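Summary of the model geometry
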Amino acid sequence: MYIVSGCLAGLCCRYDGGDNADERVMQLVSEGKAIPVCPEQLGGLTTPRPPCEIVEGKVLSDQGEDVTELFWRGAEEALKLAKLAGSKKAILKARSPSCGIGKIYDGTFGGNLIDGDGLFAAMLRKEGFELETE
Ligand code: SF4
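A short tour of the structure in this document, coming up. (Residues numbered from 1 in each chain as written. Predicted model: local features only at pLDDT ≥ 70, side-chain atom pairs only at ≥ 80, totals over all residues. Heavy atoms only, no water.)

**With respect to the site of the ligand**
For the ligand, the set of nearby residues contains 14 residues, the closest of which are Cys7, Cys13, Cys38, Glu40 and Cys99. Most atoms of the ligand, that is more than half of them, are within 2 Å of grid points of the largest pocket. Considered class by class, the residues forming the shell around the ligand number six nonpolar, four polar and four charged. (Near = heavy atom within 4 Å. 1 Å grid on protein atoms, 1.4 Å probe; cavity = no way out; pocket = protein on both sides within 12 Å on 5 of 7 lines; lining within 4 Å. Sits in = over half its atoms within 2 Å of the grid points. Nonpolar A, V, L, I, M, F, W, Y, C, P; charged D, E, K, R; others polar.)

**Digging into helix H4 (residues 119-126)**
Residues of H4 that are buried: Leu119, Phe120, Ala121, Met123 and Leu124. Following H4 by one or two positions, Gly128 has its phi on the positive side, about 85°. (Buried < 20%, exposed > 50% of the residue type's maximum accessible area, 1.4 Å probe, protein only. Helix = DSSP H or I, 4+ residues; strand = E, 2+ residues; numbered from the N terminus.)

**Things to note about the environment of Gly18**
Along the chain, Gly18 falls in the loop between strand E1 (2-5) and helix H1 (23-30). Residue classification places Gly18 among the buried residues on the basis of a relative accessible area of 17%. Once residues within four sequence positions are removed from consideration, Gly18 is found in contact with Leu11, Cys12 and Cys13. (Contact = heavy atoms within 4.5 Å.)

**Describing the pattern of salt bridges**
For the structure shown, the criterion picks out nine salt bridges. Here Arg49 ties to Glu40 by a salt bridge, and the two come within 2.9 Å at their closest N and O atoms. By relative accessible area, Arg49 is classed as buried at 9%. For Glu127, the salt bridge identified is with Lys83, shortest N-O distance 3.4 Å. Here Glu127, found in the loop between H4 and strand E8 (130-133), pairs with Lys83, found in helix H3 (residues 68-84); they are 44 residues apart in sequence, far enough to count as distant. Exposure remark for Glu127: the relative accessible area of 33% places this residue in the partly exposed category. (Salt bridge = Lys/Arg side-chain N within 4 Å of Asp/Glu carboxyl O.)

**Points about the sheet that holds strand E5 (residues 89-92)**
The strand order across the open sheet built from four strands is E2-E1-E5-E8, with neighbouring strands paired in parallel fashion. The open sheet terminates on both sides in strands that have one partner only, identified here as strand E2 (34-37) and E8. Neighbour to neighbour, the strand axes of the sheet diverge by 25° on average, direction disregarded. With four bridges joining them, E1 and E2 adopt parallel strand pairing. Bridging across to E2, Tyr2 finds its partner in Ala34. With respect to the sheet, H4 is in contact with E1, E2, E5 and E8, its orientation differing from that of E5 by roughly 160°. (Pairing = 2+ DSSP bridges. Axes fitted to C-alpha atoms, helices over the stretch in contact; angles between N-to-C directions.)

So this is what it looks like as structure tokens:
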């Protein structure tokens, strides 16, 4: 069983209310082989919501609001679902401050990438999940 980013499964959970529908991920969900989760929604953030990036270990909106707590809570809830499903593999949306694997935005809101994981991806990595992006 895969855990997949909700937006890749076609859910309109992206910060701007859109999705990142991906054919392969949607196919896995429709075959019952993947469970979609959106850690940011599970943390209680609204959709739409302001774009956020990781800045020196904190998650800040582009308005400077500190939403670290909500991001952590959502990542923990999504991890619980992953564990309940007995999953050890995830396909996550690239570059997101929650779901990004290996590369995330640098915190300047200028579109620049740096090495690093989003909060949820980092949590899954620590738990030994096999991670891939779309
Ligand atoms: Fe998609 Fe993850 Fe962002 Fe939710 S938190 S919109 S699942 S990338």
